[in-house]
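# An overview of the molecular structure
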Amino acid sequence: MPLVALRGVSKRFGNGTLAVRDVDLDLAAGEFVSLLGPSGCGKSTLLRMIAGLGAPSAGTIAWPGRDEKATGPGRDLGFVFQDPTLMPWANALANVMLPLTLQRLPRAEAEQRAAAMLALVGLKGFETSYPRELSGGMKMRVSIARALVMRPRILLMDEPFAALDEITRHRLNDDLLALWAQERFTAVFVTHSVFESVYLSQRIVVMAARPGRIIADLPVAAAYPRDDLFRTSGEYAHLCRIASGKLKEAIGP
Ligand SMILES: Nc1ncnc2c1ncn2[C@@H]1O[C@H](COP(=O)(O)OP(=O)(O)OP(=O)(O)O)[C@@H](O)[C@H]1O
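Described below are features of the structure shown in this document. (Residues numbered from 1 in each chain as written. Predicted model: local features only at pLDDT ≥ 70, side-chain atom pairs only at ≥ 80, totals over all residues. Heavy atoms only, no water.)

### Comments concerning the packing of helix α3 (residues 92–102) against helix α5 (residues 136–148)
Basically, it comes down to this: In this analysis, axes come from line fits to C-alpha atoms, helices being fitted only over the stretch in contact, and the angle between any two N-to-C directions falls in the range 0 to 180 degrees. Helix and strand definitions follow DSSP, with helices as H or I runs of at least four residues and strands as E runs of at least two, each counted in order from the N terminus. In what follows, roughly perpendicular refers to angles from 65 to 115 degrees, roughly parallel to angles under 35, roughly antiparallel to angles over 145, and oblique to any angle outside these ranges. The crossing is said to be left-handed when, going from far helix to near helix, the turn is anticlockwise and less than a right angle, and right-handed when the turn is clockwise. By definition, residues are in contact when any of their heavy atoms lie within 4.5 Å.
Where α3 contacts α5, the two axes come as close as 7 Å, and the packing angle between them is 30°. Comparing their axes, α5 and α3 come out roughly parallel. The element α3 and its partner α5 pack so that their crossing is right-handed. Along the contact surface, α3 presents Ala92, Asn95, Val96 and Pro99, while α5 presents Val142, Ala145 and Arg146.

Dropping the structure here:
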């Protein structure tokens, strides 16, 4: 039983743009899937619809694998945007506590859980730092901690590392995989990058634009844990070539 099942999902915006056309997609519990495609192919629109931020104009999104006891999408779902979107007036701990505070958790418990999550993303010792005192990579870690503090079943990420330098991006890729191995959430990761999608995922859903649609669903059978050895392996190069070929097809002549 998939965690989430999309059937015939389309999205037409008010201005007539058909951003997503007729998408069928099953996401299994615990899998790591990337949505890969050129700019404007509807990746963000699709991710936002899965998150419940904007309804499809046709088709259905069902959650057959969802825990019925959970109340509200916030308990089940974490979302990480390209921009860390932190509250500048609040320190790292308070930023991560936000979802817990909104759920009216007792302050002591919220603080404890937020601190534990900050430690998990490698920010122990930075609890009282303000966003302006943190690097881009550290701010993104806070953002990920905030998304994971509710222990969601599914973590949706919209090009979270696009603005970071390559070394920081590689490090965050590794840390994300470690978090995923530990927490076992379903991960849906939007990216333009073939290299990032192959490094991270078990499966790459390739999309093309005008109209936004799925053109390929590629398995990435390489074993985890993945590390620098994988990044420099022939297997990685081979998988990148396959994904790159599909992306070229998506972009067209
Ligand atoms: N609110 C909106 N109103 C009208 N058109 C929109 C809206 N949001 C997105 N679009 C259009 O829908 C299409 C898909 O956009 P979307 O942002 O989902 O693509 P994307 O693949 O995520 O692109 P990028 O990689 O550049 O972020 C684009 O043509 C975009 O201009």
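### Considerations on the pattern of salt bridges
Here is the rule we go by: Criterion for a salt bridge: a side-chain nitrogen of Lys or Arg within 4 Å of a carboxyl oxygen of Asp or Glu. For every residue, the accessible area (1.4 Å probe, protein chains only) is compared with the maximum for its type, and the residue is labelled buried under 20%, exposed over 50%, or partly exposed between those bounds.
Under the defined criterion, the tally for this structure stands at 10 salt bridges. Across the pair Glu111 and Arg107 runs a salt bridge whose closest N-O atoms are separated by 3.2 Å. Note that Glu111 and Arg107 are positioned in helix α4 (residues 107–120) at a spacing of four residues, about one turn of the helix. For Arg107, a relative accessible area of 60% corresponds to the exposed category. For Asp228, the salt bridge is made with Arg231, and the minimal N-O distance between the two is 3.7 Å.

### Looking at the site of the ligand
Put simply, the rule reads: It suffices for a single heavy atom of a residue to lie within 4 Å of a molecule or strand for the residue to be listed as near it. Any pair of N or O atoms that falls within 3.5 Å is considered a polar contact. Within protein, one atom must be able to donate a hydrogen and the other to accept it, and sequence-neighbouring residues count only if both atoms are side-chain atoms. Accessible surface area values rest on a Shrake-Rupley calculation with a 1.4 Å probe, where residue burial reflects the displayed protein chains alone. The classification used treats Ala, Val, Leu, Ile, Met, Phe, Trp, Tyr, Cys and Pro as nonpolar, Asp, Glu, Lys and Arg as charged, and all other residues, Gly among them, as polar.
Residues in close proximity to the ligand total 14 residues, the closest being Ser39, Gly40, Lys43, Ser44 and Thr45. In this structure, an oxygen atom belonging to the ligand sits 3.0 Å away from a main-chain N or O atom of Cys41. Take Gly42: an N or O atom from its main chain is 3.1 Å from an oxygen atom of the ligand. In isolation the ligand offers 630 Å² of accessible surface; the protein chains occlude 62% of this area. When the residues that make up the shell around the ligand are grouped by side-chain class, the tally is four nonpolar, eight polar and two charged.

### Details of α3
Three or more residues of α3 are buried, namely Ala92, Leu93, Asn95, Val96, Met97, Pro99 and Leu100. The inward-facing, buried residues of α3 abut α4 and α5. Between a side-chain oxygen at the N-terminus of α3 and the backbone nitrogen of Leu93 the separation is 3.1 Å; the capping residue is Asn91. Positive backbone phi, at 60°, marks Arg104, one or two positions downstream of α3.

### What to know about the packing of α5 against helix α6 (residues 166–183)
Taken N-terminus to C-terminus, the directions of α5 and α6 make an angle of 20°; their axes are 11 Å apart at the nearest point. Here α5 lies roughly parallel to α6, going by the angle between them. For α5 against α6, the interelement crossing comes out right-handed. Two secondary-structure elements touch here, α5 through Gly137, Met140, Arg141, Ile144 and Leu148 and α6 through Thr168, Arg171, Leu172, Asp175 and Leu179. Looking at side-chain class alone, the contact of α5 with α6 contains five nonpolar, two polar and three charged residues.

### Observations concerning the nonpolar core
Selection rule: Only buried residues count toward a nonpolar core, which is a set of Ala, Val, Leu, Ile, Met, Phe, Trp, Tyr and Cys residues joined through side-chain atoms within 4.5 Å.
Residues Phe32, Leu176 and Val198 are the most contacted members of the largest nonpolar core, which totals 55 residues. It is α5 that contributes the most residues to this core, seven residues altogether. Within the second largest apolar cluster, 27 residues are counted, among which are Leu35, Phe79, Leu156 and Met207.

### A closer look at unusual backbone geometry
Put simply, Arg210 and Pro211 share a cis peptide bond, and its omega is -5°. Residues Tyr224 and Pro225 are joined by a peptide bond in cis, for which omega reads -5°. By the element assignment, Pro225 lies in the loop between β9 (213–219) and α8 (228–231). Here the phi dihedral of Arg151 falls at roughly 50°; this positive angle occurs in a residue that is not glycine. Relative to the helices and strands, Arg151 resides in the loop between α5 and β6 (154–158). A positive phi angle is found at Glu159, which is not glycine, with a value near 45°. Mapping Glu159 onto the fold places it in the loop between β6 and α6.

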